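Observations on the model geometry
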Amino acid sequence: MESPQIQEIYIIAEIGSTHDGSFGNALRLIDTAAECGVDAVKFQTHIAECETVRDAPNPAYFKDEPRFEYFQRTAFNLDQWLSLRARCEEKGVDFISSPFSLEAVDLLEAAGVVRYKIPSGEITNLPLLEKAAKTQKPIILSSGMSSWEELDRAVECTKKQTDKFSILQCTSEYPCPYEAVGLNIMQEMRKRYGCPVGLSDHTLTNYASLAAASLGAEILERHLTFSRKMYGSDAKHSLEPQDLANLVQGVRAIETMLANPVDKSKIEKFREMKNTFEKSIVSLEFIPKGTPITFTMLGLKKPGTGIPSMKLAEVIGRVASRDIKQDTLICWDDLEPA
């Protein structure tokens, strides 16, 4: 059986704002993500003055700091973004970010981002989508709070500029319960848009991501933090390093399984195991030559090197062609036709 070609799943560590504005933390999070084996790290590029009014409400899961001030405090300047990109290149991971304004696209272009992730809340922001797509860099669309009609418009807008795009099933709940993961939507997106699909996973375990990998996801995204006890909007819903490393290992194992289908008709490699563990037909008592074989004379015991147990019905009724000792594997030469 020929093995199918399974493309390696693109695993993104979403750093987002879990650095909490610390440039040192951001650098170390890149290092940590690379150590976990991911393909890319993703940041969020916020320019507070360009994306939100000062009194905009906070999301329900983060009320500790006014939104405008949080975005302003945790933002990086161009020199810092350039250093973060250089660190990604040094560590062998792609540098991705989510822009939240037109100005953020300009900043990321200057910083040399290699791919854009359009966050769930910006899917209806068609000017932003168009500007990012015009760069001709790959675009990842997140579907977290979008209807099919909104996604249709986003895909149409993107396709006018580039065919290098993919879509992630995402549920904008933090944390996301298993009942709301929507693995079925990932499959529907593939049929509807004919593009690579995947999962942006906001659950608190690896189960959903592993299930998505087994169902053919081509991209997986998980938030990364040093500790869920850290301050900020995303830390409590993120994976800690060991969990992310375990996820990467699990996904790579699933890729190996999917790439190597097993042919159940080929069992020769199990011959020794079969001889050791399967049963053969044996004599439970001494059977004199010329004696018709009855059910009560026979038993089924290891090893599996004699007449297989499945042939029991073919042995009953035959005649012993010679004396058969007790507790002995019976062979066909010991029998005559009935």
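This structure is a prediction, so every number in the text was calculated from the model and none was measured. (Residues numbered from 1 in each chain as written. Predicted model: local features only at pLDDT ≥ 70, side-chain atom pairs only at ≥ 80, totals over all residues. Heavy atoms only, no water.)

Let's talk about the packing of aromatic side chains
Note the following rule: Stacked, edge-to-face and tilted labels apply to pairs of Phe, Tyr and Trp rings (six-membered ring for Trp) whose centres lie within 6.5 Å, assigned for plane angles under 30 degrees, over 60, and everything in between, in that order. Accessible area is worked out with a 1.4 Å probe on protein chains only. A residue is then buried under 20% of its type maximum, exposed over 50%, and partly exposed in between. Secondary structure elements are defined from DSSP: runs of H or I of at least 4 residues count as helices, runs of E of at least 2 residues count as strands, and each element is numbered from the N terminus.
Scanning all chains against the criterion turns up 8 aromatic pairs. Ring plane angle 80 degrees and centroid distance 5.5 Å describe the contact between Phe76 and Trp81, whose orientation is recorded as edge-to-face. Neither Phe76 nor Trp81 differs from the other in exposure class; each is buried. Summarising the aromatic geometry, the rings of Trp148 and Tyr193 are spaced 6.3 Å apart at their centres and angled 45 degrees between planes, so their arrangement reads as tilted. Linking Trp148 in helix 7 (residues 148-159) with Tyr193 in helix 8 (residues 183-193), this pair joins segments that are 45 residues apart in sequence. Residue classification places Tyr193 among the buried residues on the basis of a relative accessible area of 11%. The structure contains a cluster of three or more aromatic residues connected by ring pairs, namely Phe23, Phe43, Phe76, Trp81 and Phe95.

Structural notes on the nonpolar core
Put simply, the test is: We define a nonpolar core as any set of buried Ala, Val, Leu, Ile, Met, Phe, Trp, Tyr and Cys residues linked to one another through side-chain atoms lying within 4.5 Å. Any pair of residues with heavy atoms lying within 4.5 Å of one another is described as a contacting pair.
Ranked by internal contacts, the top residues of the largest apolar core, which has 62 residues, are Val41, Phe43 and Leu141. Sequence-distant contacts of Val41, defined by excluding residues within four places in its chain, comprise Ile12, Ala13, Ile15, Ile30, Ala33, Cys88, Val93, Asp94, Phe95 and Ile96.

Focus on the environment of Ser101
Following the sequence through the fold, Ser101 ends up in the loop between strand 3 (94-99) and helix 5 (102-111). Taking the relative accessible area as the measure of exposure, Ser101 reaches 4% and is therefore buried. Ser101 sits 177 residues away from Glu278 along the chain, and the two C-alpha atoms are 68 Å apart. When near neighbours in sequence (up to four residues on either side) are disregarded, Ser101 contacts Ile47, Cys50, Glu51 and Leu128.

A word on the confidence of the model for the protein chain
Convention followed: What pLDDT expresses is the predictor's confidence in each residue, scored from 0 to 100.
Confidence along the protein chain averages 93 in pLDDT terms, with 98% of residues attaining 70 or more. Between residues 1-6, whose pLDDT stays under 50, and residues either more than four places distant or in other chains, the model counts 14 contacts.

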